[in-house]
Amino acid sequence: MIAYKKLIFELSKEDRVGYSLPPSRFTDYSIEDLSNSFKRESDLLLPEVSELDVLRHFTNISNKNFGVENGFYPLGSCTMKYNPKINEEIASLRAFRRLHPLQPISTVQGALKVYYELQKILSEVSGLHEFTLNSYAGAHGELVGLMVIKKYHEANQDFKRNKIIIPDSAHGTNPASVVVCGMEVIEIKSNERGRVSIDALKEAVKDRDDIAGMMLTNPNTLGIFEDDICEITKIIHQAGGLMYYDGANLNALLGKVRPGDMGFDVMHINLHKTFSTPHGGGGPGSGPVGVTKELAEYLPNPRIKKIEDHYYIENNGDAIGQISGFYGNYMIALRAYVYLLTLGKENIKLIGPYATLNANYIKEQLKSLYQLPIDGNCMHEVVFNGLVDKDTEVKTLDIAKRLLDYGMHAPTIYFPLLFPQAIMIEPTETESLQTMDEFISVMKDIAIEAKEHPERLKEAPTKTPIRRTDEVFAAKEMIFSYKDYLEYREKREE
């Protein structure tokens, strides 16, 4: 990271230009022909900079980024694994880049084959009958899956089923998706083992006929496998509901256990987590949704089908409708397809075991210094509850900030909400023993610093371009643009 702190507006000089437009060839038209209702009433606030100004500015800004290609990125629940460059190489081929979704079907048979075969591979690894790749992200996939569940109950004339059961350890998007879908949440508590309480679940469905389903992440957000999963799915099915699998943590099970075999009816997959497509920065993402054979007719349109060697597009009248412009983020699906073919059947089976092995290695190395709230083996991620020694008054936030000074990205903190000082570490299967040992060594040094020099943690970070940000200020003052900043500064000076 370098000490570059300029806004591009601060480089602006009046009348400086970076590009000259050619003379207009459309002389039959004038700006005067445009209705005043479409014209701006004030000048557009844009920086006046040269091409070199722009290039240097954004190159310097890009050097502030930290990603998996800079260093260790153990962000729990996010599966920040390496994206192999062959994925990008294939996706950048002109034959894929220049496709248009409105081309005649006969001219895009190869692209449809990629789409169709990726659906089939996802069905194979998940144990579900059919997939759609149309949803744009994980949370979008959740909404689509819930719409399928809702449609299923409505098709059975069972309109009263609008309650979705969610454990208190669930991802925050789960209850949000339920509300967006027009249904209601019933939250149940976890037991002392950090898993779904069977007693609480039985009580939640007792004497009710309005249970639409249950959303569950397995392994859950504590990184623990729900070992009562078969009984959980049985209880929900007996209550007339369907089981929804949140695929955010699928990486831990890949090649070992399939959601369909555990009794799930619907699931979404985060391609950017499990299948190594670009991650973070707001996308583009992809959240394919898979369902059992009984629910396949409700998947959204358009759907890619195959007769003999010909691929075609089907629009089904029983579908929940269309939830994307065309076929989702095709180029992201293409990257996942390349990743899967590159690994092959044999190597896909190694992902879950290696990810689990790495997380347990870190757990065992750190549990003497960092409090392990749930003992036993974890899956792909481990959750600590701050330091074992609570006398230092050093908090999880201080530990995370100190990690930045050592050149490492901080783990997820204060999630899940079950523990007040939660630190969630997910190393993924792509990290080497050498990298994990370096991280472990730094975490041990920080634990010692917390006892002997706690002020170093309280003052951290000291080696980053900016120190601790005022998060309350950032939440209350919505400054999203340079114009917002100027208005804020003017208000402050009054």
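Residues numbered from 1 in each chain as written. Predicted model: local features only at pLDDT ≥ 70, side-chain atom pairs only at ≥ 80, totals over all residues. Heavy atoms only, no water.

A.B. asks: Break down the overall build of the protein for me, with residues and values.
C.D. replies: Helix and strand content of the protein: 16 helices and 12 strands. Over its C-alpha atoms the protein spans a radius of gyration of 26 Å, differing by no more than 12% from the 23 Å that the globule rule assigns to 494 residues. If you line up the protein on its principal axes, its C-alpha atoms span 70 × 70 × 50 Å. Looking at the protein alone, contacts between residues at least 24 apart form 68% of all its contacts between residues at least 6 apart. As displayed, the protein offers around 25,600 Å² of accessible surface, 52% of which is attributable to carbon and sulfur atoms. (Helix = DSSP H or I, 4+ residues; strand = E, 2+ residues; numbered from the N terminus. Rg over C-alpha atoms; globule rule 2.2 N^0.38 Å. Contact = heavy atoms within 4.5 Å. Areas by Shrake-Rupley, 256 points an atom, 1.4 Å probe, with all protein chains shown as cover.)

A.B. asks: Quick rundown of the domain arrangement of the protein? Include the residues and the values.
C.D. replies: Interfaces are often sized by the accessible area lost when the parts come together. The domain architecture assigned to the protein consists of domain 1 (8–50), domain 2 (99–347) and domain 3 (350–464). Computed over C-alpha atoms only, the centres of domain 2 and domain 3 are separated by 31 Å. With 25 residues of domain 2 in contact, the opposing surface of domain 3 contributes 18 residues. For the domain 2 and domain 3 pair, buried surface summed over both sides reaches about 1,600 Å², with 65% attributable to carbon and sulfur atoms. Among the residues domain 2 hides against domain 3, the three largest losses belong to Leu222, Asn251 and Ala252. Together they make up 32% of the total. Our count for the domain 2 to domain 3 interface comes out at zero salt bridges. Our count for the domain 2 to domain 3 interface comes out at five residue pairs in polar contact (both at pLDDT 80 or more). The class makeup of the residues in the side of domain 2 that touches domain 3 is 10 nonpolar, 10 polar and five charged. (Domains from an automatic or database assignment. Buried area = accessible area lost by both parts, 1.4 Å probe. Salt bridge = Lys/Arg side-chain N within 4 Å of Asp/Glu carboxyl O. Polar contact = N/O pair within 3.5 Å; in protein donor to acceptor, adjacent residues only side chain to side chain. Nonpolar A, V, L, I, M, F, W, Y, C, P; charged D, E, K, R; others polar.)

A.B. asks: Got a sec to walk through the pairing of strand β10 (residues 382–385)? Specific residues and values, please.
C.D. replies: Judged by which residues are buried, β10 turns out to be covered on both faces: Val382 and Phe384 on one side and Val383 and Asn385 on the other are all buried. As paired strands, β10 and strand β12 (residues 422–425) are joined by four bridges and run antiparallel to one another. Bridging across to β12, Phe384 finds its partner in Ile423. (Buried < 20%, exposed > 50% of the residue type's maximum accessible area, 1.4 Å probe, protein only. Pairing = 2+ DSSP bridges.)

A.B. asks: I'd like a rundown of the environment of Leu340, residues and numbers included.
C.D. replies: Here Leu340 shows up in helix α11 (residues 330–366). Spatially, the C-alpha atoms of Leu340 and Asn87 are 9.9 Å apart, while their sequence positions differ by 253 residues. Among residues more than four places away in sequence, those in contact with Leu340 are Leu118, Ile121, Phe275 and Ile348.

A.B. asks: Describe the UniProt feature "modified residue: N6-(pyridoxal phosphate)lysine" (unreviewed entry) in the protein, naming the residues involved and giving the relevant values.
C.D. replies: The UniProt feature table records "modified residue: N6-(pyridoxal phosphate)lysine" (unreviewed entry) at Lys273. Residue placement: Lys273 occurs in helix α10 (residues 271–274). Leave out the neighbours within four places in its chain, and Lys273 touches Ser77, Cys78, Thr79, Lys81, Ala248 and His279. (UniProt positions renumbered as here; feature names shortened; annotations may be inferred.)

A.B. asks: An account of the nonpolar core is requested, with residue identities and associated values reported.
C.D. replies: If you look at the biggest cluster of nonpolar residues, it comprises 57 residues, and the most contacted ones within it are Ile165, Leu201, Met214 and Phe275. Those elements that provide at least two residues to this core are α4 (109–126), β3 (184–188), α7 (198–205), β4 (211–217), α8 (229–238), β5 (242–247), β6 (266–269) and α11. Looking at this core, the element that brings in the most residues is α11, giving 11 residues. Residue contacts for Met214: discarding those within four places in its chain leaves Ile164, Ile165, Pro167, Ile188, Val196, Leu201, Ile232, Ile236, Leu242, Met243 and Tyr244. Core analysis: the second largest hydrophobic core is formed by 25 residues, Cys378, Val394, Met408 and Ala447 among them. (Core = buried A, V, L, I, M, F, W, Y, C linked by side-chain atoms within 4.5 Å.)

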